[in-house]
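Chain and residue survey
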Amino acid sequence: MQRLPESTYAGKGRANDARHPTSGFRGAWSRAFLMRDFGIAVVALLIGLGFSLASPVFLSTYNLLNLLRQTAELGIIAMAMTMLIISGEFDLSVGAIYAVTGVVTGLLAKRFGLEIWAAAICGLASALILGLLNGLLVTTTKINSFIATLSTMMVYRGIAMVLSQGQPISSFQFETAFFDIMGRGKGFGTIPVPIFWMAAWGVLLFLLLHRTAFGVKLYATGDNPEAATLAGIKITQVKRVGFLITSLAAGLAGLVSLGYLKTVTPTQGTGLELEAIAAAVIGGTSMAGGVGSIVGTFIGTFIMAEVRTGLVLLGTDAYIQDAFVGLVIALAVIVNIKLTDRRNAKG
Amino acid sequence: MSPLSADLLRIESVSKRFGAVQALSEVSFCVSQQEIVGFAGENGAGKSTLIKILAGIHTADQGAVFLNQKPYAPKDPNAAGRAGLAVFHQEIPICPHLSITANIFLGTQMPKRHFMPDWRVMEARCVDLYRVLLDEDVNPRALIRDVSAAERQLALLVRVLSREAKLIILDEPTTALTPPEVGRLFRVIQNLRAKGISFIFVSHMLEELVELSDRIVVLRDGRHIGTLAREAFELGTLSGMIAGRTLTPPTRDLPSSEQRTVLDVRNLSLTGHFSSVTFSLRAGEILGIAGLTGSGRSVLVRSLFGLHKVESGEVTINNRQIRIRSPHDAIRQGIGYIPEDRKTLGLFPHQDIKTNLYIARTAQRADLLFKDTAGMRDSAASMKKELSIKFRHEDDLIGSLSGGNQQKVLLSRWLLLKPAIILMNEPTRGVDVGAKKEIYDLMFALTLRGFSFIITSSAIEELLVLSDRVLVMNRGRVRTILNRAEATKESIIHAATT
């Protein structure tokens, strides 16, 4: 007796049998088509294709490396944010934590004469403390994390402003390899160091999210918190770690910025939190939790950078660029949803 | 049979195919004025497809439908509503933050005063509607989110009736209701029938179908298998027709009383819920907990799993006294818990079958260890065989399974941890007849392997079939513990209510 699965007429059918298709070329194609991040990868390629037709410089190694270097800080934060969003929470304070890390490091090194590496470790520690506070605030009071971190965003930004008295900290006078290692150096002669930081952080988070038990707990917590609790997952602990990872990413990005620019401004990173969330969403992360991937978010970040660089190369008016990026966010998400729907309907 | 002219709805050889699946083939029947027609069938029998055709969500490939002797083929649910047909789904489409009045008048021409909705007039009309239609009183200003699931259904009933619905399709209306609420809903439905409304009533609960329906239409594999008239109602016949085979009630040998005690609970108390609860559970035993809503039975079970912190008392598992502060603790001590609502409390809808099946083990695994994909696949394969779970591939999403198979996945989740005790709240809610029997058989087989169960259910029949002993809660206290010979529907109700 062939029994019709419930989902067939609930309209929720998935491409289940097509996900493990037969071999051969068609098989390879449908396997690629069914890969989690296929839709968004296509979008990234199409945008790249469009810009390279319009401007031959777009596809040059120099431009692509430059593009990745510029987006490294956003990428580091967005990939961590993805993990937090998967667990069902957000962090709007990452931009402020990014500034605090830079300010603390800069002040300790310049004003108090601390060795810059030690100062950097203190900077990261302060980022972790702020992340811990976010996690405690959200999990103990059960305030919606959007609101909770909106308030801590303003508080943390205030800390950066007060510590630096609103002034940029720059002209570090000592000789050190710090700036080269964190931001200015080049690996293999050509590749800017921030790209290595993003890659290393990305691989680390990829393993953590997609390969470890913690990753499964993270998905479960965001997908259905009650069921996760009943299955024995300590969801408050999982979420707190999520906030810590996000703040650590903000701290790391802050150090990369300090290394590259050799300067830190207390207002840096304003709006970074929303760009990070946008990159995650473009990459297929569900705002409701339980769905998302590191690779998807990386591609999401890449798309945003593609559009910005492409528009610059086309000589577009600088004032219109943000508007274009906004449009692309909407378009990318629409295309991704459509492709995902078609993939799901293919079952 | 009523004369043809009295037929409100007539369905003539309706067929519907989805891809390779023939969901409905040549189904014919009719619904008369003032009639309650029950719909019975397993998941996938074609009930939902038929309802969706009537509701205007799908269109039939072949066949014809007549409503009030006129051809009826609604393009969308709104058209169905205008024609006088309303469908109630399991999830009630209602705005939780608005008042009952607002929900009833939403989408209609609201009475206005100075260009603003005139709430006083609407509230008065709302109260009238409740009186006239349901003979019930109502607080028209109560917010939907503050009222019970039963009140919400009544509000929805009033909404569709105020829009001249003549035929109402109730799709599993009782799943979220307590027994007294079910009784009240049934009285309301019978009242409305007397006032000229017809109903199609869909339920997995055969007892409810038998109690309420005038006739029962049985569907199986998309075909109309037969119709039972009220005189011919009999649970055995009905479940046989639904399943397409004769179902013998499951039976088993009682575990011998020399079995060792697995769980010992002494004087467990939680103010406002239960006090001085004392009982024990032997290896291989199924202990049923009965009681009215509010008697403390579900809080007691949840407390054993660490979801509520008890104030005093002792819990001993395998002669070791333990403290349970969280589900995590409970699981470590060898307790598993299968909640009453699979969808909201059990499943992870965006994760695949193997993740859902293995999640309790993953939860016990150190964060930084690899997630053990091989273990997940092996467990999925072995559980698939052992519990005969039907799925195509362990990488498929959990939502692709039927209710019964989802329940088996939840059961496997705990079996993998080999717990001493499995707590089950409503073991077979939303599961069809065939799968229900399979789950009962499975539980019996597991008791022979030494697993013990504590179950609670709002269906006394289920407790009677499954339990070796039935503990009856009454106002937060253990009223009595009945053994298999003493436990009957009457003795349980008596102990629960007096």
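Treat the numbers as computed from the prediction; the structure is a model and nothing was measured.

**Some words on the overall build of chain A**
When helices and strands are tallied, chain A shows 15 helices and two strands. Out of the 347 residues belonging to chain A, those deemed buried represent 52%. The contacts of chain A with a sequence gap of at least 6 include a subset with a gap of at least 24, amounting to 77%. In the form shown here, chain A has an accessible surface area of approximately 15200 Å², with 68% of it arising from carbon and sulfur atoms.

**Focus on the packing of aromatic side chains**
The description of an aromatic ring pair rests on the distance of the ring centres and on the angle between the ring planes. Residue and element names in this part refer to chain A. This model, assessed by the stated rule, comprises eleven aromatic pairs over all chains. Ring geometry for F178 against F179: centres 5.4 Å apart, planes inclined by 85 degrees, an arrangement best described as edge-to-face. In this structure F178 comes out as buried when scored by relative accessible area, which is 0%. For the pair F188 and F196, a centre-to-centre distance of 5.9 Å together with 55 degrees between the ring planes defines the contact as tilted. Residue class for F188 comes out exposed when judged on its relative accessible area of 73%.

**Side note on the interface of chain A and chain B**
In this assembly, 38 residues from chain A lie in contact with 54 residues from chain B. Across the chain A/chain B interface, buried area totals approximately 3900 Å², and carbon plus sulfur atoms make up 58% of it. At the boundary of chain A and chain B, one finds one salt bridge. As a salt-bridge pair, B:D367 and A:K217 come within 2.8 Å of each other at their nearest N and O atoms.

**Description of the environment of A:R184**
Residues and elements named next belong to chain A. Its place among the elements puts R184 in helix α8 (residues 178-184). Not counting the four nearest positions on each side in its chain, R184 is found in contact with F179, G259, Y260, L261 and K262. Engagement of the side chain of R184 in a polar contact is seen with the backbone oxygen of Y260, the distance being 2.4 Å.

**Some remarks on the sheet that holds strand β10 (residues 198-202) of chain B**
What links the strands of a sheet is backbone hydrogen bonding, and the strands pair in either a parallel or an antiparallel sense. Residue and element names in this part refer to chain B. Ordered by their spatial adjacency, six strands build an open sheet running β6-β9-β10-β3-β11-β12, and the pairing between neighbours is mixed. On the outer flanks of this sheet lie β6 (85-88) and β12 (223-229), each paired with one strand and no other. Neighbouring strand axes in the sheet, compared pairwise and without regard to direction, differ in orientation by 20 degrees on average. Here strand β11 (residues 215-220) runs beside β12; their pairing, made up of six bridges, is antiparallel. Of the residues in β12, the one forming a bridge with R220 is R223. Helix α1 (residues 47-55) rests against β3 (36-40), β6, β9 (167-171), β10 and β11 of the sheet, and its axis sits at about 140 degrees to β6. Along the sheet, helix α5 (residues 149-162) makes contact with β6, β9 and β10, crossing β6 at roughly 165 degrees.

**So, the packing of helix α5 (residues 94-110) of chain A against helix α7 (residues 145-164) of chain A**
All names here are of chain A. Two elements in contact, α5 and α7, have axes separated by 8 Å at closest approach and are oriented at 20 degrees. Between α5 and α7, the interaxial angle falls into the category roughly parallel. In terms of crossing hand, the pair formed by α5 and α7 is left-handed. Residues G95, A96, I97, A99, V100, V103, V104 and L107 of α5 touch α7, and the partners they reach there are M153, Y156, R157, A160, L163 and S164. For the contact of α5 with α7, a count of residues per class yields eleven nonpolar, two polar and one charged.

**Section: the nonpolar core**
Residues and elements named next belong to chain B. In this structure, F279, F453 and I454 are the most contacted members of the largest nonpolar core, which totals 167 residues. Among all residues touching F279, those that are not within four sequence positions of it are L263, D264, V265, L287, L300, L304, I454, L471 and I481. If you look at the next biggest cluster of nonpolar residues, it comprises 51 residues, including M110, L134, A150 and V182.

**Description of the pattern of salt bridges**
Residues and elements named next belong to chain B. For the structure shown, the criterion picks out 26 salt bridges over all chains. As a salt-bridge pair, K16 and D61 come within 3.7 Å of each other at their nearest N and O atoms. On the criterion of sequence distance, the pair formed by K16 in strand β1 (residues 7-18) and D61 in the loop between α1 and β4 (62-67) is long-range, its members being 45 residues apart. On the accessibility criterion, D61 (43% relative accessible area) is partly exposed. Among the salt bridges present, the one from D352 reaches K354, with a minimum N-O distance of 2.8 Å. Classification of D352 as buried rests on a relative accessible area of 15%. On the basis of relative accessibility, which here comes to 7%, the residue K354 falls in the buried class. Through salt bridges with shared partners, a single network forms among D352, K354, R377, E394 and D395.

**Let's talk about the pairing of β1(B)**
Residue and element names in this part refer to chain B. By the bridge criterion, eight bridges tie β1 to strand β2 (residues 21-32) in an arrangement that is antiparallel. Within β2, the residue paired with R10 across the bridge is C30. Relative to β4, β1 is paired through five bridges, and the arrangement is antiparallel. When the bridges of β4 are listed, R10 appears paired with F66.

**Structural notes on the sheet that holds strand β17 (residues 320-322) of chain B**
All names here are of chain B. If you trace the four strands from one edge of the open sheet to the other, you get β14-β13-β16-β17, paired in antiparallel fashion. Each of the sheet's edge strands pairs with one partner strand only, and the pair in question is β14 (274-282) and β17. The sheet shows a mean angle of 20 degrees between the axes of neighbouring strands, taken without regard to direction. Here strand β13 (residues 261-270) pairs with β14 via six bridges, running antiparallel. Note that in β14 the partner of T261 across the bridge is R282. Lying over the sheet, helix α9 (residues 297-304) contacts β13 and β14, oriented at roughly 65 degrees with respect to β14.

**A few points about helix α6 (residues 179-194) of chain B**
All names here are of chain B. Spanning 16 residues, α6 covers 23 Å between terminal C-alpha atoms, matching the ideal 22 Å at 1.5 Å per step. Residues of α6 that are buried: E181, V182, L185, F186, V188, I189 and L192. The buried residues of α6 occupy one face: seen down the axis, they fall within an arc of 160 degrees. Turned more than 90 degrees off the buried face of α6, the exposed positions are P180, R187 and A194. Looking at the buried side of α6, the elements it contacts are β3, α4 (119-134), α5, β9, β10 and α7 (206-212). Note on α6: the residue one or two positions beyond its end, G196, has a positive phi of about 105 degrees.

**Quick look at the confidence of the model for chain B**
Of all residues in chain B, 95% attain a pLDDT of 70 or more, and the chain-wide mean is 86. At the level of chain-chain contacts, confidence expressed as ipTM amounts to 0.83, with global pTM at 0.80.

**Remarks on the side chain of B:S412**
Residues and elements named next belong to chain B. Note that S412 resides in helix α14 (residues 403-415). Here the side chain of S412 touches K408 through a polar contact of 2.6 Å, landing on its backbone oxygen. Setting aside residues no more than four positions away along its own chain, S412 makes contact with L357, M383, L387 and I389.

**Comments concerning the pairing of strand β16 (residues 312-317) of chain B**
Residues and elements named next belong to chain B. Bridge analysis of β13 against β16 gives five bridges, and the strand direction is antiparallel. Paired with D264 across the two strands is T316, which belongs to β16. Where β16 and β17 come together, three bridges link them in antiparallel fashion. Paired with V315 across the two strands is I322, which belongs to β17.

About the criteria used
Residues numbered from 1 in each chain as written. Chains lettered and ligands numbered in written order. Predicted model: local features only at pLDDT ≥ 70, side-chain atom pairs only at ≥ 80, totals over all residues. Heavy atoms only, no water. Helix = DSSP H or I, 4+ residues; strand = E, 2+ residues; numbered from the N terminus. Buried < 20%, exposed > 50% of the residue type's maximum accessible area, 1.4 Å probe, protein only. Contact = heavy atoms within 4.5 Å. Areas by Shrake-Rupley, 256 points an atom, 1.4 Å probe, with all protein chains shown as cover. Phe/Tyr/Trp six-rings, centres within 6.5 Å; stacked < 30°, edge-to-face > 60°. Buried area = accessible area lost by both parts, 1.4 Å probe. Salt bridge = Lys/Arg side-chain N within 4 Å of Asp/Glu carboxyl O. Polar contact = N/O pair within 3.5 Å; in protein donor to acceptor, adjacent residues only side chain to side chain. Pairing = 2+ DSSP bridges. Axes fitted to C-alpha atoms, helices over the stretch in contact; angles between N-to-C directions. Parallel < 35°, antiparallel > 145°, perpendicular 65-115°, else oblique. Left-handed = near helix turned anticlockwise from the far one by under 90°. Nonpolar A, V, L, I, M, F, W, Y, C, P; charged D, E, K, R; others polar. Core = buried A, V, L, I, M, F, W, Y, C linked by side-chain atoms within 4.5 Å. Expected span 1.5 Å × (residues − 1). Arc of directions from axis to C-beta. pLDDT = per-residue confidence, 0-100.

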